[in-house]
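The residues making up each chain are set out below.
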Amino acid sequence: MIRTYEEINEKIKSGNVVVFTAEEAIAMCREQGHKKAYEQIDVVTCATFGMMCSSGAFLNFGHTDKRIRMAEITLNNVPASGGLAAVDTYIGATQGSLDRPMTYGGAHVIEALIRGEKVDLHAKSYGTDAYPRKEAIAEITLEDLNQAYMYNPRNCYQNYSAATNVGERTLHTYMGTLFPDCANVNYSTSGELSPLLKDPDMRTIGMGTRIFLGGAQGYVTWQGTQSVKNVTEYEDGVNFSGGTIAVIGDLKKMSSRYIRAAVMKNYGISLYVGIGIPIPVLDEDLFADLTRTNEELYTNFIDYSTGGLKMPQLGRVSYAQLRSGRVELNGKTVPTAPLSSLYMAREIAQLLKYSIAKAEFSLTQPIKEVEMFSEFKSLKLKEDEK
Amino acid sequence: MKTTKLRLLFPSDLTAKPLTYHLVKDFDLVYNIFQAHIKPGMKGDLIIEVIGRESNIEKGINFLVESGVIVEILTKSINLDEDGCVHCGACTAVCPSGALYLDKDAKLCFDNSKCIVCELCVEACPARVIKVNFSENS
């Protein structure tokens, strides 16, 4: 038995579709066996809610009387790009504010806009014949903007290495606080609920795939930056890929429950992004991937103490082990802690399930696969040539 | 040995006097300053922790009161804003006593009775929803 997108969408329309979250599908396999579960389930919903630094939003402010081509822009004192057309900008989530760059930034501005709060806009320019105005000061809200859409060039990591610290001093990283001498391990994933981990060959997640993005319906637009396939392959056939996707969605329809600013001590600003992806159960191969459990999904331990290009790998670990709260590392039992919210990921997977069951959300076949490369290039510095 | 947290409110004429020095010298108390808003000639507000014999702490407090300082005995506690929490679990990485933990539904819980108020969680929380509370002890 093989399913097509058309058949599944017909079932959604007629209200007969069977949708389970990835965790529920796994539980059903345990109760009834894979074959029976496969025959019944049409769609599996996956989700993640974690810090995704490569995020931001395009905004259009509208023109002023005596027009301005905004060259220097701040929003709540956070610099935004002055490199687009007159009153367009892009504000990046990790951009720090001019006065408190480590604790307030672009992510806070994006969250404030979504909450409907007023945001201070200050723009400067040089003044030209077509755009004579040299300064624009205004208080804006999301409603006032012509367009406001989130565009995140790298989200939803397929797999991310767990972090530890071999060194002798405490490190404050984007992977949280790492105590010396491998005293703790932090990881960031929703594991068996994680979208790209459950469709490892990205068969159904491609350009045009409709997704849940921050409370709105969004789309996959492109391969994510630094997306890589099979970066590590182990002798027993287990491999480790770092696929990512670029996504887009209407900021005006998002909710601050699913888009939240994050502050990491001595690192700076990031953005929690909630993403849900429905995966059609096209065939048994895909269903086997979709119902892989935390016991069968692995990541690497990485040492963050060197700061070098190649971060030392200290072996691999299953997500079941990480989730248990204790892992064995270098012969020691070490506590683990997550950085992405499984609680919120579960909520999103449930929400997506119900919106599909209520026919408010239908599935889209990708119009093009997202490319995944086998390696990513590093930056060669001028000083390296000497 | 006993540890007590105090809030000391100084009238403006007392801010120039070395009162905490006497706590050390005369009553053998060790103190840590948590917060200090003191300028000579202005009203002062100091939050300290004093460590010493119980009888000496009592004597020290009496000395401060007799000197004209308004003394409040404080309990410091950690306050989690549950509505703002995203349940990521980053705070559980630094909590040494297990007061912050994820339950079986992956929801973040805070067990105040286990909390040792080390405050590591305050800055480890990416959503910045954990705060230190200073409240008066009855």
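1. Section: the overall build of chain A
When you go through chain A residue by residue, the secondary structure sums to eight helices and 24 strands. Taking 2.2 N^0.38 as the reference for a compact globule, 386 residues should give roughly 21 Å; the C-alpha atoms of chain A span a radius of gyration of 22 Å, in line with that estimate. Across its three principal axes, chain A shows a C-alpha extent of roughly 70 × 60 × 40 Å. Roughly 17,500 Å² of accessible area belongs to chain A as shown, and the carbon and sulfur atoms make up 48% of that amount. Both charge centroids of chain A, one from 40 positive and one from 45 negative side chains, sit 4 Å from each other.

2. Digging into the environment of G98 of chain B
Residue and element names in this part refer to chain B. Locating G98 in the fold gives a position in the loop between β4 (70-80) and β5 (100-102). Note on G98: relative accessible area 29%, which makes it partly exposed. Note: C-alpha distance between G98 and R128 (30 residues apart in sequence) is 19 Å.

3. Here we look at the sheet that holds strand β5 (residues 78-80) of chain A
Sheet strands pair by backbone hydrogen bonding; their relative direction is either parallel or antiparallel. Residues and elements named next belong to chain A. Read from one edge to the other, the open sheet built from four strands follows the order β5-β4-β7-β8, with strand pairing classed as antiparallel. The open sheet has two edge strands, β5 and β8 (135-140), and neither has a second partner. Neighbour-to-neighbour, the strand axes of the sheet open up by a mean angle of 20°, direction not taken into account. Pairing geometry for strand β4 (residues 72-75) and strand β7 (residues 119-124), over four bridges, is antiparallel. Within β7, the residue paired with I73 across the bridge is A123.

4. Things to note about the domain arrangement of chain A
All names here are of chain A. According to the domain assignment, chain A consists of domain 1 (5-52 + 151-357) and domain 2 (62-145). Averaged C-alpha coordinates put domain 1 and domain 2 at centres separated by 33 Å. The interface of domain 1 with domain 2 comprises 17 residues on the first partner and 17 residues on the second. Together, L251, K252 and I269 form the three largest contributors to the area buried by domain 1 at its contact with domain 2, with a combined 41%. Counting across the domain 1 and domain 2 interface gives one salt bridge. At the surface where domain 1 touches domain 2, the tally comes to four residue pairs in polar contact (both at pLDDT 80 or more). Among the residues making up the side of domain 1 that touches domain 2, the classes are represented as ten nonpolar, five polar and two charged.

5. Here's the deal with unusual backbone geometry
Residues and elements named next belong to chain A. The phi torsion at C156 lies on the positive side, around 65°, for a residue other than glycine. Looking at the secondary structure, you find C156 in the loop between β9 (147-155) and β10 (162-164). Here A359, not a glycine, exhibits a phi torsion of approximately 65°, which is positive. For A359, the position within the fold is in the segment after α8 (342-357). A359 gets classed as partly exposed once you look at its relative accessible area, which sits at 42%.

6. Considerations on the nonpolar core
Ranked by internal contacts, the top residues of the largest apolar core, which has 117 residues, are L59, F61, L75 and L251 of chain A. Not counting chain neighbours up to four residues away, the residues in contact with L59 of chain A comprise L75, V87, D88, T89, I91, L113, L145, Q147, A148 and L251 of chain A. Ranked by size, the runner-up nonpolar core spans 16 residues in total, among them L6, L19, L29 and V69 of chain B.

7. Remarks on the domain arrangement of chain B
Taken domain by domain, chain B consists of domain 1 (2-68) and domain 2 (77-132). Taken over C-alpha atoms, the centre of domain 1 of chain B sits 31 Å from the centre of domain 2 of chain B.

8. Description of the pairing of strand β24 (residues 332-338) of chain A
All names here are of chain A. Two strands pair when backbone bridges link them, and strand β13 (residues 185-187) and β24 are joined in this way by three bridges, in the parallel orientation. Counterpart to N186 in the pairing with β24 is A337. Pairing geometry for strand β23 (residues 326-329) and β24, over four bridges, is antiparallel. In the sheet register, V327 faces β24, and the bridge partner there is V334. If you look at the hairpin formed by β23 and β24, you'll find two residues sitting between the two strands, and N330 has a positive phi there, around 50°.

9. Focus on the interface of chain A and chain B
Taken residue by residue, the interface counts 23 residues in chain A and 21 residues in chain B. For the pair chain A and chain B, the summed buried surface comes to about 1,600 Å²; carbon and sulfur atoms form 60% of the total. Where chain A packs against chain B, one counts one salt bridge. With a closest N to O distance of 3.1 Å, K265 of chain A and E123 of chain B form a salt bridge. If you look at where chain A meets chain B, you find seven residue pairs in polar contact (both at pLDDT 80 or more). Elements represented by at least two residues in the side of chain A that touches chain B include exactly β2 (43-51), β19 (259-264), β24 and α8 of chain A. Counting residues per element, the side of chain A that touches chain B draws most heavily on β19 of chain A, which supplies five residues. Partitioning the side of chain A that touches chain B into residue classes produces 14 nonpolar, six polar and three charged.

10. Things to note about the packing of helix α1 (residues 19-27) of chain B against helix α2 (residues 54-66) of chain B
All names here are of chain B. For the pair α1 and α2, the least separation of the axes is 10 Å and the interaxial angle reads 145°. Where α1 crosses over α2, the two elements pack in a sense that is right-handed. Here L19, H22, L23 and F27 of α1 come into contact with α2, specifically with N56, K59, G60, F63 and L64. Looking at side-chain class alone, the contact of α1 with α2 contains five nonpolar, three polar and one charged residues.

11. Examining the side chain of H87 of chain B
As for its position among the elements, H87 of chain B is in the loop between β4 and β5. When near neighbours in sequence (up to four residues on either side) are disregarded, H87 of chain B contacts S341, L342 and Y343 of chain A together with L102, A106, K107 and L108 of chain B.

12. A short note on the pattern of salt bridges
The final tally for this structure, using the stated rule, is 19 salt bridges over all chains. The partner of D45 of chain B in a salt bridge is R7 of chain B, with the nearest N and O atoms 3.1 Å apart. Of this pair, D45 of chain B sits in strand β3 (residues 44-52) while R7 of chain B is found in strand β1 (residues 2-10), placing the two residues 38 residues apart along the sequence. Overall, the relative accessible area of 24% leaves R7 of chain B in the partly exposed class. Beyond isolated ion pairs, a larger network of salt bridges with shared partners links R3, K11 and D42 of chain A.

13. Things to note about the environment of D99 of chain A
Residue and element names in this part refer to chain A. Following the sequence through the fold, D99 ends up in the loop between β6 (88-92) and α4 (106-114). The exposure class assigned to D99 is exposed, which follows from its relative accessible area of 53%. Here the alpha-carbon distance between D99 and V78, two residues 21 residues apart in the chain, equals 8.6 Å. One polar contact links D99 to N77, side chain to side chain, over a distance of 3.1 Å. Side-chain polar atoms of D99 contact the side chain of S97, separated by 3.1 Å.

About the criteria used
Residues numbered from 1 in each chain as written. Chains lettered and ligands numbered in written order. Predicted model: local features only at pLDDT ≥ 70, side-chain atom pairs only at ≥ 80, totals over all residues. Heavy atoms only, no water. Helix = DSSP H or I, 4+ residues; strand = E, 2+ residues; numbered from the N terminus. Rg over C-alpha atoms; globule rule 2.2 N^0.38 Å. Areas by Shrake-Rupley, 256 points an atom, 1.4 Å probe, with all protein chains shown as cover. Lys, Arg positive; Asp, Glu negative; His and termini not counted. Charge placed at Lys NZ, Arg CZ, Asp CG, Glu CD. Buried < 20%, exposed > 50% of the residue type's maximum accessible area, 1.4 Å probe, protein only. Pairing = 2+ DSSP bridges. Axes fitted to C-alpha atoms, helices over the stretch in contact; angles between N-to-C directions. Domains from an automatic or database assignment. Contact = heavy atoms within 4.5 Å. Buried area = accessible area lost by both parts, 1.4 Å probe. Salt bridge = Lys/Arg side-chain N within 4 Å of Asp/Glu carboxyl O. Polar contact = N/O pair within 3.5 Å; in protein donor to acceptor, adjacent residues only side chain to side chain. Nonpolar A, V, L, I, M, F, W, Y, C, P; charged D, E, K, R; others polar. Core = buried A, V, L, I, M, F, W, Y, C linked by side-chain atoms within 4.5 Å. Left-handed = near helix turned anticlockwise from the far one by under 90°.

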